[in-house]
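Letter by letter, the chains look like this.
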Amino acid sequence: MFECKLICTDIDGTLLDPQHHITERTKEAVRKARRKGIIVALVSGRISHSLALLQQELGISGPLGCFNGSLVLDEDGTELEAHPIRADQTKLILDAVADTELETFVFTNESWYMQQTSQWYDIEVKASRTQGRIAELKALEEVLHPGERPFKLLCMHHDPLYVREMEARLQRDFGTQLNIFSSSPAYIEILARGVDKGHAVRSLCNAYQIDASKVMAVGDYYNDIGMFRSAGFAVAMGNAPDDVKQHAHSITKSNKEDGLALAIEAIL
């Protein structure tokens, strides 16, 4: 029987159903795990404020892996690990996408920024349940508060083919300096070089003195593979692409079918 001390779960496509809700069965499974002394960490590309709101809905406390492992916080909000993007690298990317069709967000440890409101702004507000800030991105350094650091750039477009083309271009020009990958058919995420969700798993194992063999990681997309590799037991959602499932030890049902709840119930 797998002995679990830490559950690291992705959010979109995993914890949330297709309507971006947490089902009652999932809430109860997470709470049952916590009652049994298992730490439940939300590990996502999202900002900490958004993850904290989901914790409140679940009725739990616990650590957070934000921005795909770039910023890891303990249950008190103390930084366990931080890998911001350098200011010069942020400027290079913003200059490179300025004349493209991509729309771009900049996420910091405090907030998220966009050049102007758009449908993408509205989508992010609805998904994250947090309001962003409208700012001149080329002058971002003048806008940021003391101690505020960029951790993620998110580029978006409605055409998956265009997203793939732009991801390839950004990889060609900046792939040796930054971690550039797709987190959905519409999104390109940009992080500090070498950072992925596996950093969150390893950081939490160190902080809470948990062996990686006692970690279950659950996710549904390519950006979850690093988390799978760092966990003793990796579970792919039924809605994950087939080549993501190949990196998992087990496959659960989809997020339409309480797949996360089923995965948690199976180890309790």
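Structure: see above.
Rules and cut-offs
- Residues numbered from 1 in each chain as written.
- Predicted model: local features only at pLDDT ≥ 70, side-chain atom pairs only at ≥ 80, totals over all residues.
- Heavy atoms only, no water.
- Helix = DSSP H or I, 4+ residues; strand = E, 2+ residues; numbered from the N terminus.
- Rg over C-alpha atoms; globule rule 2.2 N^0.38 Å.
- Buried < 20%, exposed > 50% of the residue type's maximum accessible area, 1.4 Å probe, protein only.
- Contact = heavy atoms within 4.5 Å.
- Areas by Shrake-Rupley, 256 points an atom, 1.4 Å probe, with all protein chains shown as cover.
- Lys, Arg positive; Asp, Glu negative; His and termini not counted.
- Charge placed at Lys NZ, Arg CZ, Asp CG, Glu CD.
- Arc of directions from axis to C-beta.
- 1 Å grid on protein atoms, 1.4 Å probe; cavity = no way out; pocket = protein on both sides within 12 Å on 5 of 7 lines; lining within 4 Å.
- Points joined across faces, edges and corners; volume = space filled by probe spheres on them.
- Nonpolar A, V, L, I, M, F, W, Y, C, P; charged D, E, K, R; others polar.
- Pairing = 2+ DSSP bridges.
- Axes fitted to C-alpha atoms, helices over the stretch in contact; angles between N-to-C directions.
- Salt bridge = Lys/Arg side-chain N within 4 Å of Asp/Glu carboxyl O.

Student: Give a detailed account of the overall build of the chain, specifying residues and quantitative values.
Tutor: For the chain, the count of helices and strands is 11 helices and 14 strands. By the compact-globule yardstick of 18 Å for 268 residues, the chain fits well, its C-alpha radius of gyration being 18 Å. Overall, the C-alpha framework of the chain stretches about 55 × 40 × 30 Å when taken along its three principal axes. Counting every position in the chain, which comprises 268 residues, the buried fraction comes to 57%. Sequence-distant contacts, at least 24 apart, represent 58% of the contacts inside the chain between residues at least 6 apart. Summing over all exposed atoms, the chain offers an accessible surface of approximately 11,800 Å²; the carbon and sulfur share of this is 47%. A distance of 6 Å separates the average location of the 28 positive side-chain charges in the chain from that of its 38 negative side-chain charges.

Student: Could you give me a rundown of helix H3 (residues 48-58), with the residues and numbers involved?
Tutor: Every buried residue of H3 is accounted for by Ser-48, Ser-50, Leu-51, Leu-54, Gln-55 and Leu-58. Here the buried residues of H3 occupy an arc of 160° about the axis, which is enough to place them on one side. The inward-facing, buried residues of H3 abut helix H1 (11-15), helix H2 (24-35), strand E2 (39-43), strand E3 (64-66), strand E4 (71-73) and helix H5 (119-128).

Student: Can you break down empty space enclosed by the protein residue by residue, with the values?
Tutor: Under the definition given, this model contains 1 cavity of 30 Å³ or more. Of the pockets and cavities examined, the largest cavity occupies roughly 50 Å³. In this structure, the largest cavity is lined by Thr-14, Leu-15, Leu-16, Asp-17, His-21, Thr-23, Thr-26, Asn-255, Asp-258, Gly-259 and Leu-260. Of all the elements in the fold, those that place two or more residues in the lining of the largest cavity are H1 and helix H11 (259-267). Considered class by class, the residues forming the lining of the largest cavity number 3 nonpolar, 6 polar and 2 charged.

Student: Describe the sheet that holds strand E1 (residues 6-9), and please don't skip the residues or the numbers.
Tutor: In space, the 8 strands of this open sheet follow the order E5-E4-E3-E2-E1-E12-E13-E14, with mixed pairing throughout. Unpaired on one side and paired on the other, strand E5 (79-82) and strand E14 (250-251) mark the two borders of the sheet. Across 2 bridges, E2 lies against E3 in parallel orientation. Each bridged residue has a counterpart across the sheet, and for Leu-42 the counterpart in E3 is Leu-64. Sheet strands touched by helix H8 (residues 197-208): E1, E2, E3, E4, E5 and strand E12 (215-219). Its angle to E5, the strand with the most contacts, is close to 145°. Contacts from H11 reach E1, E12 and strand E13 (233-236) within the one sheet, and its direction differs from that of E12 by about 165°.

Student: Go over the pattern of salt bridges, please, and point to the residues and values.
Tutor: The tally for this structure, following the rule as stated, stands at 17 salt bridges. Between Asp-10 and Lys-197 there is a salt bridge, with the nearest N and O atoms lying 2.9 Å from each other. Highlighted residues: Asp-10 in the loop between E1 and H1 and Lys-197 in helix H8, separated in sequence by 187 residues. Here the two residues Asp-10 and Lys-197 agree in accessibility, since each one is buried. Across the pair Arg-129 and Glu-57 runs a salt bridge, and its minimum N-O distance is 3.0 Å. Taken as a pair, Arg-129 in the loop between H5 and strand E8 (133-134) and Glu-57 in helix H3 lie far apart in primary sequence, 72 residues in all. For Arg-129, a relative accessible area of 41% translates into the label partly exposed. Looking at Glu-57, the relative accessible area reads 24%, which means it is partly exposed. Ionic contacts of the salt-bridge type, sharing partners, join the residues Glu-24, Lys-27, Glu-57 and Arg-129 into one network.

Student: Can you lay out the layout of surface pockets for me, pointing to particular residues and giving the numbers?
Tutor: Of the voids in this model, the largest pocket is the one considered here, and its volume is about 680 Å³. Around the largest pocket, the lining is made up of 31 residues, and of these Asp-12, His-20, Ser-183, Ser-184 and Tyr-187 lie nearest the centre. Broken down by secondary-structure element, the contributors of at least two residues to the lining of the largest pocket are H1, H5, strand E9 (150-156), strand E10 (178-184) and strand E11 (187-192). Of all the elements, H5 adds the most residues to the lining of the largest pocket, at 4 residues. Its boundaries defined by the atoms lining it, the second largest pocket holds a volume of some 280 Å³. Contributing to the lining of the second largest pocket are 13 residues, with Ala-98, Leu-102, Thr-104, Gln-115 and Leu-137 lying nearest its centre.

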